[in-house]
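Each chain is listed here by its residues.
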Amino acid sequence: MLKTERAEWLQETLNNKGVPLYGRASTISKNMQCAKAAATGWLAGTLPRDMALGFRFADQYEFDVREWVMGTKQNPQTAQWENAIKTARAFEKTVADMSDDQFMMIVKLAMTKKDDELGALINQLGTILKEQ
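About the criteria used
- Residues numbered from 1 in each chain as written.
- Predicted model: local features only at pLDDT ≥ 70, side-chain atom pairs only at ≥ 80, totals over all residues.
- Heavy atoms only, no water.
- Buried < 20%, exposed > 50% of the residue type's maximum accessible area, 1.4 Å probe, protein only.
- Helix = DSSP H or I, 4+ residues; strand = E, 2+ residues; numbered from the N terminus.
- Arc of directions from axis to C-beta.
- Contact = heavy atoms within 4.5 Å.
- Axes fitted to C-alpha atoms, helices over the stretch in contact; angles between N-to-C directions.
- Parallel < 35°, antiparallel > 145°, perpendicular 65-115°, else oblique.
- Nonpolar A, V, L, I, M, F, W, Y, C, P; charged D, E, K, R; others polar.

Student: I keep staring at helix H2 (residues 24-32) and nothing clicks. Help me out?
Tutor: Helical geometry: 3.6 residues make up each α-helical turn, so side chains three or four residues apart lie on a common side. Of all the positions in H2, only Arg24, Ala25, Ile28, Ser29 and Met32 are classed as buried. Along H2, the residues classed as buried sweep out an arc of 130° about the axis, all on the same side. Against helix H1 (3-16), helix H3 (36-43) and helix H4 (51-60) lie the buried residues of H2. After H2 finishes, the residue glutamine 33 shows a positive phi value of roughly 55°.

Right, here's the structure in full:
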């Protein structure tokens with residue numbers, strides 16, 4: 001993504017988030033506790049030198065860093081699969097060894113449930129498996 005394209009993308013993204021156009025750099029610098037020059041640079045399409053600050057900026061205004069930097073969204077399925085596999089691996093550590101089929105069942109379960117539902121379901125399933 002070119003610098004001008006990045007600036008346009010960020011302007012549109014912040015517009016959609018309801019960040020006022022007037023005084024936008026000042027608002028961002030105040031919210032992020034960073035120099036106004038940094039916020040002004042971002043609005044002009046420059047990427048942050050301090051990536052930790054860049055990630056905080058993306059988190060604060062709820063946008064994808066990959067899309068900001070490269071112009072393409074992260075595949076949400078990738079993040080979902082990673083989370084599901086981590087959940088299954090963590091679950092496996094709390095119970096006896098699982099077969100491949102059981103492990104995949106937990107991964108698939110984690111892919112279909114919301115986080116708040118998943119935690120309770122995993123706890124119940126763990127209790128059942130420990131009793132056997």
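Having seen it, we continue.
Student: Would you mind going over the packing of H2 against H4 with me for this structure?
Tutor: Helix packing geometry: the angle between the two helix axes and the distance between the axes. Contact geometry of H2 with H4 gives a least axis separation of 11 Å together with a crossing angle of 110°. On the basis of the axis angle, H2 is roughly perpendicular to H4. Here Ile28, Asn31 and Met32 of H2 lie close against H4, whose contacting residues are Leu53, Arg56, Phe57 and Gln60. When grouped by side-chain class, the residues that make up the contact of H2 with H4 number four nonpolar, two polar and one charged.

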